[in-house]
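# Coordinate inspection notes
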Amino acid sequence: MLNAMRESAGSWIIKVLLGIIVVAFTFMGVGSFNARQSAKVATVNGDIIDITQYQRAYYNMLENLRAQFGNRLNDEMIKMFNVRQQALDGLIETTLLHQTAEKIGLQVPDAELAKSITRIPAFQKNGAFDPERYKILLSQNRLTPESFETMQKEAMLMDRLRTMVTKSAKVSEDEIRQWYEWENTTVDIAYALFKPADFENVDVTDQILEAYYNENKEAYKTQPRRKARYIRFDPAAYREATAVTPEEIKQYYDDNPEAFQQPETVSARHILFKVKQDADAETVEAARQKAVEVMEKARAGEDFAELAKTYSEGPSKDKGGQLGEFQRKDMVAPFSDAAFALAVGEISDPVKTQFGWHIIKKEAHNPAATLPLEAAATEITDKLKDQKARNLAYDAALALYDITFDGEELEKNAKDSGLDLMTTDFFTQQKGPAKIADAALFAKTTFALPMMEISDITEIGDSYYLIQAIDKEPEQIPALEEVKDKVMADAKTHQQKIAARQAADQFLEKARSAGSIETAADETPAITVKTTGPFNRKGAIPGIGNDQKLASAAFELTEAGQLPDQVIEGATGLYVISLKEKKAPLEKDLETEVATVRDRILSQKQNAIYTAWVDNLRENSEIKISQEFLNN
């Protein structure tokens, strides 16, 4: 069946499809000859994980995080997610899963694999599997049917293994009820907020400054720096070597009909008489009468553009009321309906919209149409040539990558291939080198490499890169004088926090003595007490926002213990809180949520079972991490 598909079988849509598989199999590496020559990162029961597999896993994790967080992803977040360790852990886990599946004889029959692929919408045309489309989409993404089928088969195998492991998970009615009550109980609290920034009158002496610096030296370390060599494979340099056949143009045209649809449009001018939306009936009628008078002038033959310049109160007045070409959806409904209903050259009656009264003159009408293939051919050719140029650039990078077995060979191979090998200055991971389209990504790639190792082919900006880390400078702690201004600002902030903490602690003690924070605030006019109103564990705290630490403390309060044991350090400052009311959800409301709650609990239990099973696999396996990797 698979062979038949291949015999009878780049688009962005395949990337969406592959993304699903790649997320599940981020840690799978394809073992090229170059990869097998790479340094060993770890062994799992004797099976080797090499540096190339690790680099691919690391880069894939970064791309997944970048897709999730966009420009918000920074080095602190990368450290927080512990990407370096997670990449290795994922590879180890994947290796263990493969070993287990092989041991128990778990397989995915070719017939099931073929059936799953033919059901993928990306490979269908008019609801049926299209072998030609299948081959084209894979080819455009530098995949063969064999490699894609291997990925799909692995995904199905791992899903089957997970299902076997987690099938024992069950959810009881009591668990559903307890979960629902925990998640939907609400609390209402009173609070006093002590913001450190409000405590301006703090003193930072030389002794405090020096002590703060000595306690926090690590925070002022300079960033480590790297120097790299790289080869850029610019698709523009390969464009002249591409050719596009008429058959390819026709195929693209047929596969992307929506790209060549031209919507119905009109061109028009208008004269606007503004009326406020809350105007009274008399004002509305007076504006309409003005519009009628100007409409009669226009219908009598006076130049519409000149009338617009004289009478219109809209922004297009100076252009003679010219609106240009627009679709029906571009204007408010009453205006569009009138403009599209007019004959070309016809002038409308006054039309009322939220902006006022309009007189419209229709100047042209362009019916909806499909751009013919002949007219679209140039645009399609450009797109396909760009795509082919990118493929050629990638292939050139791959060719050099596959013959470069170690870092020392890069310079010679680049020269023999007629490629420019560029060298950067030293750069930090945060900033990256100059004159690189996406310097941040270049830097992250470089910092992930061991010294003298060559990166996998990396897409940066509009080009592909091979990167080699060739030198490094360690981080250093500067002298106090070099960072005195920053240390002074940080020390002041620290002193403000101390002052805020002291004030909040004193107020909490006063509230305990007085019996409530409201009574304590009455005796301390400078302190304001506010209330939140009811909120649950899922939502933001009214008037405060999302503050998990504060919310957790609020739900710990009880009728018997309405004040907390200590001040709560929240996201915006220090809080002294007290319970006003805690309310459990109604039993009848649970009935509509049973299925949803059961699914959530079941998913958590399955994840817990699976995680414990994988942990047990690890504990009972021989896993060795190379010292070179640990030291890097």
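The structure contained in this document is the topic of the report that follows. (Residues numbered from 1 in each chain as written. Predicted model: local features only at pLDDT ≥ 70, side-chain atom pairs only at ≥ 80, totals over all residues. Heavy atoms only, no water.)

### Side note on the layout of surface pockets
A volume near 1000 Å³ is recorded for the second largest pocket. Lining the second largest pocket we find 34 residues, and of these Lys 79, Arg 84, Arg 226, Gln 429 and Phe 447 sit closest to its centre. Those elements giving two or more residues to the lining of the second largest pocket turn out to be β1 (40–44), α4 (51–69), α5 (75–80), α6 (83–104) and α24 (627–631). Per element, the largest residue contribution to the lining of the second largest pocket is four residues, and it comes from α5. Split into classes, the residues belonging to the lining of the second largest pocket amount to 16 nonpolar, seven polar and eleven charged. (1 Å grid on protein atoms, 1.4 Å probe; cavity = no way out; pocket = protein on both sides within 12 Å on 5 of 7 lines; lining within 4 Å. Points joined across faces, edges and corners; volume = space filled by probe spheres on them. Helix = DSSP H or I, 4+ residues; strand = E, 2+ residues; numbered from the N terminus. Nonpolar A, V, L, I, M, F, W, Y, C, P; charged D, E, K, R; others polar.)

### A word on the packing of helix α12 (residues 246–255) against helix α16 (residues 373–403)
Running from N to C, α12 and α16 cross one another at 100°; their axes reach a closest spacing of 9 Å. The orientation of α12 with respect to α16, classified from their angle, is roughly perpendicular. Counted together, Glu 248, Ile 249, Lys 250, Tyr 252 and Tyr 253 of α12 and Leu 373, Ala 376, Ala 377, Ile 380, Thr 381, Lys 383, Leu 384 and Lys 388 of α16 form the full contact between these two elements. Residue classes in the contact of α12 with α16 are distributed as eight nonpolar, one polar and four charged. (Axes fitted to C-alpha atoms, helices over the stretch in contact; angles between N-to-C directions. Parallel < 35°, antiparallel > 145°, perpendicular 65-115°, else oblique. Contact = heavy atoms within 4.5 Å.)

### Notes on the side chain of Arg 226
Mapped onto the elements of the fold, Arg 226 is located in strand β6 (residues 225–233). For the buried Arg 226, which has no salt bridge, the nearest side chain bearing the opposite charge is Asp 471, at an N-O separation of 8.3 Å. (Buried < 20%, exposed > 50% of the residue type's maximum accessible area, 1.4 Å probe, protein only. Lys, Arg positive; Asp, Glu negative; His and termini not counted. Salt bridge = Lys/Arg side-chain N within 4 Å of Asp/Glu carboxyl O.)

### Regarding the sheet that holds strand β10 (residues 351–353)
Pairing is antiparallel across the open sheet formed by four strands, whose spatial order is β9-β8-β11-β10. The open sheet has two edge strands, β9 (322–327) and β10, and neither has a second partner. Within this sheet the neighbouring strands show an average axis-to-axis angle of 45°, counted without direction. Here β10 runs beside strand β11 (residues 356–366); their pairing, made up of three bridges, is antiparallel. Paired with Thr 353 across the two strands is Gly 356, which belongs to β11. Its contacts with the sheet place helix α13 (residues 281–299) against β8 (265–274), β10 and β11, and it is angled at close to 40° to β11. (Pairing = 2+ DSSP bridges.)

### Brief notes about the packing of aromatic side chains
Working definition: an aromatic ring pair is given by the centre-to-centre distance plus the angle between the planes. Scanning all chains against the criterion turns up 22 aromatic pairs. Measuring from ring centre to ring centre gives 5.6 Å for Phe 69 and Phe 81, while their planes differ by 40°; the resulting arrangement is tilted. Within this pair, whereas Phe 69 is found in helix α4, its partner Phe 81 is found in the loop between α5 and α6, the two being separated by twelve residues in sequence. According to the relative accessible area criterion, Phe 81 is partly exposed, its value standing at 24%. Ring geometry for Phe 535 versus Phe 555: centroids 5.9 Å apart, planes at 90°, classification edge-to-face. Taken together, the residues Phe 535 in the loop between β17 (530–531) and α21 (548–556) and Phe 555 in helix α21 connect sequence positions 20 residues apart. The burial state of Phe 535 is the same as that of Phe 555; both residues are buried. By way of ring pairs, the aromatic residues Tyr 230, Phe 427, Phe 442, Phe 447 and Tyr 465 are connected into one cluster. For the cation-ring pair, Arg 162 lies above Tyr 610, with the distance from its terminal atom to the ring centre recorded as 4.4 Å. (Phe/Tyr/Trp six-rings, centres within 6.5 Å; stacked < 30°, edge-to-face > 60°. Lys NZ or Arg CZ within 6 Å of the ring centre and 35° of its normal.)

### Some thoughts on the pairing of β1
Across the five residues that make up β1, a large majority, four, are buried. Where β1 meets strand β2 (residues 47–50), four bridges bridge the pair, whose relative direction is antiparallel. By the bridge assignment, Ala 42 is partnered in β2 with Ile 49. Where β1 and strand β20 (residues 623–625) come together, three bridges link them in antiparallel fashion. Residue pairing across strands places Thr 43 opposite Lys 624, the latter belonging to β20.

### So, the nonpolar core
Residues Tyr 54, Tyr 58, Phe 442 and Ile 467 are the most contacted members of the largest nonpolar core, which totals 39 residues. Of all the secondary-structure elements, those providing two or more residues to this core are β1, α4, α5, α6, β6, α18 (439–447) and β16 (463–473). Broken down by element, this core gets its largest block of residues, nine residues, from α4. Contact partners of Tyr 58, with chain neighbours within four places excluded, come to Ile 78, Val 83, Arg 84, Ala 87 and Ala 448. Counting 22 residues, the second-largest nonpolar core is a separate cluster that includes Ile 120, Leu 137, Leu 143 and Val 614. (Core = buried A, V, L, I, M, F, W, Y, C linked by side-chain atoms within 4.5 Å.)

Such coordinate-based values are descriptive only and should not be taken to indicate function.
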